[in-house]
Amino acid sequence: SDKGLIVPTLINYKGFWYPPISIFKGVLLMQDQFKARSTDIFLCSAPKTGTTWLKALTFATMNRSKFEFATHPLLTTVPHNCMPYLDAYITDHDVEALPSPRLLSSHSAYSLLPKSTRESPDCKIVYICRNPKDVFVSDYLFSMKLRAPMFPPISMEEAFDLFCKGVCLYGPYFEHVLGYWKARLESPEKILFLKYEEMRRDPVKHVKHLAEFLGKPFSAEEEKAGVIEEILKLCSFDKLTSLEVSKTGKVAFVPEIAIGNETFYRKGKVGDSKNHLTPEMIERLDKITEEKLKGTGFAFGE
Ligand code: A3P
């Protein structure tokens, strides 16, 4: 493709679009070299679907007995720096040196995850998805911030047309979601499938479910002591955006691009895309969504 969101050129590899930077090398390395452990936890998502929130919630849930809420690492570190982003990390780190249980994240399509991860009956995958209209708007506005000043902007109309045709980082988006959805149907005990909208509606229920899925259910004492509420407060959009660390500093997932910490947060709302898309755009994407999901038994959260 000679058009792409963050970078003007994307590479299509086995049906998915990658930026021609070290992430692509990482995805190849991941498939070639990564050895799954039965205790691995993978947080998987397409970009802009709630990855930052899921990372914060999972890190806080898994490590809840390790840290006090008043001095929690999430108060001074962006969630992205609390765990390796495997696609980039593997290019210049030794993943074997990470202690178990390894909490890892990836934007890879299910079919491009390491084979040993897909085949391990024990390692766990948590996937989050979000309705495509909000994903597109979030992705477009995020990408425009990252493109400048290296690359000229592209119009929302042009980016939307590309998204509808499946061209976006790690896309096509529908194939990304459906890949994990189908895998989950086959192995429900291995893959937890989350929807951003449902989590926004009932976060307590979903964090409880997440903790159970990861083999760390909240005890009655913890629930009574309000631990779930503390985790939700700590990981909330308002809390994270109020922190000094979210206003300064950058995350350099790859040597080529450093992303300003503030860029990971925008509105954090369900349905904001209606303020950005024309009725025609909404109709087009709704129609594509309907066609893509027909017969799959899957529906996005609203
Ligand atoms: P919007 O652009 O719609 O605001 P990702 O983390 O996968 O890049 O997704 C980014 C989206 O998640 C952005 O959506 C961002 O604002 C939202 N987000 C980030 N942190 C969040 C949080 N703690 N709670 C809810 N949404 C959050």
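Whatever comes next refers back to the structure up there.
We now turn to the structure provided with this report. (Residues numbered from 1 in each chain as written. Predicted model: local features only at pLDDT ≥ 70, side-chain atom pairs only at ≥ 80, totals over all residues. Heavy atoms only, no water.)

Thoughts on the side chain of Ser120
With respect to the element layout, Ser120 can be found in the loop between α4 (115-119) and β5 (124-129). Note on Ser120: relative accessible area 11%, which makes it buried. A distance of 3.2 Å separates a polar side-chain atom of Ser120 from the backbone nitrogen of Asp122. (Helix = DSSP H or I, 4+ residues; strand = E, 2+ residues; numbered from the N terminus. Buried < 20%, exposed > 50% of the residue type's maximum accessible area, 1.4 Å probe, protein only. Polar contact = N/O pair within 3.5 Å; in protein donor to acceptor, adjacent residues only side chain to side chain.)

So, the packing of aromatic side chains
Tallied over the entire structure, the rule returns 24 aromatic pairs. Measuring from centroid to centroid gives 5.1 Å for Trp181 and Phe193, while their planes differ by 80°, and the two rings are edge-to-face. Of the two residues, Trp181 is situated in helix α7 (residues 173-186) and Phe193 in strand β6 (residues 191-195); the sequence distance between them amounts to 12 residues. Each member of the pair, Trp181 as well as Phe193, is classed as buried. One Lys or Arg, Lys48, reaches over the ring of Phe142 and ends 3.5 Å from the middle of that ring. Looking at Arg200, its charged tip hangs above the ring of Trp53, at a distance of 5.3 Å from the centre. (Phe/Tyr/Trp six-rings, centres within 6.5 Å; stacked < 30°, edge-to-face > 60°. Lys NZ or Arg CZ within 6 Å of the ring centre and 35° of its normal.)

Things to note about the nonpolar core
Ranked by size, the top nonpolar core spans 105 residues in total, and within it Tyr18, Ile23, Leu57, Val126, Phe136 and Phe298 carry the most contacts. The contact partners of Leu57, leaving out residues within four places of it in the chain, are Met199, Val207, Leu210, Ile231, Leu232 and Cys235. (Core = buried A, V, L, I, M, F, W, Y, C linked by side-chain atoms within 4.5 Å. Contact = heavy atoms within 4.5 Å.)

Let's talk about the pattern of salt bridges
Scanning the entire structure with this criterion turns up 10 salt bridges. With its nearest N and O atoms 2.7 Å apart, the salt bridge here joins Arg64 to Glu222. Residue Arg64 is located in the loop between α2 (51-62) and α3 (86-89), and its partner Glu222 is located in helix α10 (residues 220-224); the two are separated by 158 residues in the primary sequence. Exposure remark for Arg64: the relative accessible area of 13% places this residue in the buried category. Among the salt bridges present, the one from Lys208 reaches Glu223, with a minimum N-O distance of 3.3 Å. Here Glu223 lies in helix α10 and Lys208 lies in helix α9 (residues 203-213), a separation of 15 residues in the sequence. (Salt bridge = Lys/Arg side-chain N within 4 Å of Asp/Glu carboxyl O.)

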